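# A closer look at the structure
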Amino acid sequence: MAQLTLKDIGKIYVSDGNVAVGIRGVNLSFDRGEFVAITGKSGSGKSTLLNVISGMDSYEEGELYIEGQPTSHYLESDLEEYREKYISFIFQDYNIIESFTVLQNVELALMHIEDKNERRKRAVELIDRVGLSSHMKHKGSKLSGGQKQRTVIARSLAKDSPIILADEPTGNLDSATSKEILKLLYEVSHDKLVIVVTHNFEQVEEYATRHIRIFDGAVEFDHTLKAPEIISGYSEDTRKDKENSKKTKKSWVKNGLALGRAIFTAKPKLSLFLCLLMLIGTMGIFFVAALSGEATAELNPSYMFNHIDGRVVLTKQSGEIITDDELAKLVTDLGAESFLHYDQLLDESMNQQVIIPSADSEYADAFLMAHSTYGKSYGDKVIGRYPESKDEVLLYLPISYQPELGKESLKVSNIIIGRTVYKLVGVKYYYDNNIDPECLFTDEGFRFATAVHFLVGYSDMRFKISLKSEGDEPEKIFNAHTMIPSFDMPADKIYVGLTSYNMSVNNNIASGTEYTAEASFVANYYRYNYINGITRYYSFERDFKNDEITNVLPEFNGYELLLPSEAIIISDEIICEIAENVLKNSYVQASIFFKDDNAAKKAVSALQDRGYIAVVSDTTYEVGSDDAMSSLLGCVLMIAAFIAAVVFLAFFITLCSSRALEAFREDIAIMRSMGIQVKVIRIGMYVRMLLSLIPAFIIVAITAILIFTSPKFNEYFTYLYAWQYAVIIIGMVALTLKTTHNQIRRLFGKSVKKSLRGGDV
Ligand code: ADP
Ligand code: MG
């Protein structure tokens, strides 16, 4: 049975409405051992004939029989298998992979050999056989035409396929090189069917067993010149190798991986560029992930209070003031741990602006918003110690403050919270920069901070001061709107603080002189209560008739920052006295602390039975319709930004991957013409794209580690949680796979011939 039989084969080309005949009515039979020369004028259909025989192009009429089997019903995958098993193709313009070395080009055709060393050995042998040993490590692009064609011959030898088709293999070579190549082809192919298309019959005359001439798409003549000589049979070993390799899934995955690596390293500049683009893409997702953290924060329910485990907030159903005695009784009755009567500060952070003067200058280096808490400890390492008196404070804050505040010991001794200078005795750092900083006071310090906070934040304060020194000096009257609390002041004096800017007042008041003064203070207090929805007002007046007032220009460096033109500096005792007076008469809320939230929840109904309205501190409140709208709008905007970023990234990566794959369009076609399985090429492409993600992932990992270890990094990058990193990595891999998948579909959609160089001619 003939190896190949063409029966009435016809192929027409239709392009732009023009119909061209490729070949028509071709009846030919080919057998093993033949060396067939096909000649004919340009455009007569020689290439078309070879393309049909190789299964790289379709035909419209007749039937091609392979080992007696008809093939007109073949799908692309069947043709692929046919090419893999039977065909080696040698083109006029070489079709080696230019970015691969000679060795890589040949090894590509040896994929059916599982063992890497064995494969390498075979490739080296074959390269030696075509006389290219010295060029083994040279890239295809660096070879001469003859060397390229030798590589191609080595490659077809490597494949050891029974049919070698050569379309003007020497068309681009000088006559001496042409001779060598044809001789080589003859030497290596005794046992195979070789069909050589040439316009120069003399060159092959010496070897040809048969001469076919094509004219105008049809066979003009078909002469047998001599009997084919078969020296050895088609290597059965190779065929078995191939059959086996195709059956094991592992081997094509392995081959795909190897191919991917080879493709990745073959074009280093392109790969580098791709890595860079992937890095940009990944960093993009990184920032989107950081943004998504804020978006989910926007989606979080609104809490009435700052949640502390075990905290119950209560007010009386009657709206009356609660007393300390009552609270103490509740604590014993309900088995609670403690109570905090004036708990307002626990829920505030806006007004607790903390100013940290730098260690060596009078100007502040850092401002932060902090929650306040008291008597509560955290797990992290303390630099310094916990506060022990009312004027001491510990800061719990992000690691980015470490350079400022000290790593082993504290560099800063005073900080300012709510215009009060506190001694900073301890610091704890944390890495999760999504968390708010906190100020930790002693119970007494917390009480004082509350007093200051409420006087500054919730009261309309006015100090009217008239000064009278001894003798007959006139009265000097001025108003101060600012109160500066101080731990260093005597309790029976009020200092007038004047900055050097205010000359008119300064000129009339001698520094360091004591005046007798008449000062009055008015505080109008108002506060909304979340539980009962009532706003309380309270007015309070306090006269300092007989107190002595001293005019001082405060020396402490931080004060300069705090002072408007006039202020009065008041001792903590006086402030507490005023604040407690007001709070006692107007504050209707308190907190009781239980072991944990479970205990707290159980206590709520008991409290309700006793005439209180009580809630656990993680209770949410209904936001007003305006607030709901704006938070919904914020949320929608966030989500829109998120989607836009993802869409942009998908687009971006598609662009990158399509460019990157496009550069291999021709090489892929060559691989396909060599009969390399499409799935192997596919895996190679995926692997190559995934490899380009690795530098980006390494940089993300480094960033993550730096955020976790370096105070400077922690300041500028959002701390992400493990799940967010998972989103980044899985997201990028998925996007890459998806876009590569689409690109590959486009690349493989076309027939091999159309994707090949000069395929449209
Ligand atoms: P040869 O290889 O002998 O020079 P070809 O087989 O390339 O000839 O071409 C045979 C005929 O088919 C020519 O008339 C050519 O114009 C036409 N042809 C070949 N390829 C195409 C194509 N892709 N589209 C349209 N016409 C084609
Ligand atoms: Mg041609």
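Preceding this section is the structure that the text describes.
Residues numbered from 1 in each chain as written. Chains lettered and ligands numbered in written order. Predicted model: local features only at pLDDT ≥ 70, side-chain atom pairs only at ≥ 80, totals over all residues. Heavy atoms only, no water.

### So, the pattern of salt bridges
One pass over the full model with this rule turns up 29 salt bridges. A salt bridge links D216 to R24; the shortest N-O distance between them is 3.5 Å. Within this pair, whereas D216 is found in the loop between β9 (210-215) and β10 (218-224), its partner R24 is found in strand β2 (residues 18-30), the two being separated by 192 residues in sequence. For E320, the salt bridge identified is with K316, shortest N-O distance 3.8 Å. Classification of K316 as buried rests on a relative accessible area of 14%. (Salt bridge = Lys/Arg side-chain N within 4 Å of Asp/Glu carboxyl O. Helix = DSSP H or I, 4+ residues; strand = E, 2+ residues; numbered from the N terminus. Buried < 20%, exposed > 50% of the residue type's maximum accessible area, 1.4 Å probe, protein only.)

### Brief notes about the site of ligand 1
Lining the immediate surroundings of ligand 1 are 14 residues, of which G43, G45, K46, S47 and T48 lie closest. One of the backbone N or O atoms of S44 is found 3.3 Å from an oxygen atom in ligand 1. Within the backbone of K46, one N or O atom sits 2.9 Å away from an oxygen atom of ligand 1. Going through the elements one at a time, β1 (4-15), β2 and α1 (46-54) are the ones with two or more residues in the shell around ligand 1. For the shell around ligand 1, the element with the most residues is α1, which contributes three residues. A class-by-class count of the residues in the shell around ligand 1 yields three nonpolar, eight polar and three charged. (Near = heavy atom within 4 Å. Polar contact = N/O pair within 3.5 Å; in protein donor to acceptor, adjacent residues only side chain to side chain. Nonpolar A, V, L, I, M, F, W, Y, C, P; charged D, E, K, R; others polar.)

### What about the side chain of T315?
Looking at where T315 falls in the secondary structure, it is placed in strand β11 (residues 311-316). Of note is the side chain of T315, whose polar atom sits 2.8 Å from the backbone oxygen of V588. For T315, the residues in contact, after removing those within four places along its chain, are I322, I531, N532, V588, Y612 and I613. (Contact = heavy atoms within 4.5 Å.)

### Thoughts on unusual backbone geometry
Non-glycine residue D8 carries a positive phi angle of around 50 degrees. With phi around 45 degrees, E67 is a residue other than glycine that occupies positive phi space. Among the structural elements, E67 can be located in the loop between β4 (61-66) and β5 (69-70).

### Structural notes on a nonpolar patch on the surface
On the surface, a cluster of nonpolar side chains totalling about 390 Å² of accessible area is made up of I639, F642, I643, V646 and V647. We classify V646 as partly exposed; its relative accessible area is 33%. (Patch = residues over 30% accessible without salt bridge, like charges linked within 9 Å, V, L, I, M, F, W, Y side chains within 5 Å. Areas by Shrake-Rupley, 256 points an atom, 1.4 Å probe, with all protein chains shown as cover.)

### Examining the nonpolar core
Membership of the largest hydrophobic core comes to 66 residues, with the highest contact counts inside it found for L108, I153, L185 and L259. Judged by nonpolar contacts, the second largest core, of 49 residues, contains I415, I417, C439 and I568. (Core = buried A, V, L, I, M, F, W, Y, C linked by side-chain atoms within 4.5 Å.)

### A few points about the environment of V727
In this fold, V727 is placed in helix α23 (residues 722-749). C-alpha separation for the pair V727 and I285, spaced 442 residues apart in sequence, amounts to 8.8 Å.

### With respect to the pairing of strand β7 (residues 163-167)
β7 sits mainly inside the fold: five of its five residues count as buried. Residues I163, L165 and D167 line one face of β7 and the alternating positions I164 and A166 line the opposite face, and both faces are buried. Pairing analysis gives five bridges linking β7 to strand β8 (residues 193-197), with the strands arranged parallel. Counted as the bridge partner of I163 is L193 from β8. A crossover connection joins β7 to the parallel β8 through helix α6 (residues 175-188); in handedness this β-α-β unit is right-handed. (Pairing = 2+ DSSP bridges. Right-handed = clockwise from strand over helix to strand, strands pointing away.)

### Overview of the sheet that holds β1
Spatial ordering of the open sheet is given by β2-β1-β4-β5, a layout of four strands whose pairing is antiparallel. What marks the edges here is a single partner per strand, and that holds for β2 and β5. Sheet analysis places β4 next to β5, joined by two bridges and oriented antiparallel. Along β5, the bridge assignment pairs I66 with Q69.

### As for the packing of helix α19 (residues 665-673) against helix α20 (residues 678-691)
Where α19 meets α20, the closest approach of the two axes is 10 Å, and the angle between their N-to-C directions is 150 degrees. Here α19 is positioned roughly antiparallel relative to α20, judged by the angle of their axes. α19 and α20 meet at a crossing whose hand is right-handed. Side by side, α19 and α20 meet where I668, M671 and R672 of the first sit next to V678, I681 and M685 of the second. Taken together, the residues of the contact of α19 with α20 break down into five nonpolar, no polar and one charged. (Axes fitted to C-alpha atoms, helices over the stretch in contact; angles between N-to-C directions. Parallel < 35°, antiparallel > 145°, perpendicular 65-115°, else oblique. Left-handed = near helix turned anticlockwise from the far one by under 90°.)

### A look at the sheet that holds β9
Reading across the sheet, the six strands line up as β6-β7-β8-β3-β9-β10 and stay open at both edges, with mixed pairing between neighbours. Each edge of the sheet is formed by a strand with only one pairing partner; in this case those strands are β6 (87-90) and β10. For this sheet, the mean angle separating the axes of adjacent strands, direction not counted, is 15 degrees. With four bridges joining them, β6 and β7 adopt parallel strand pairing.

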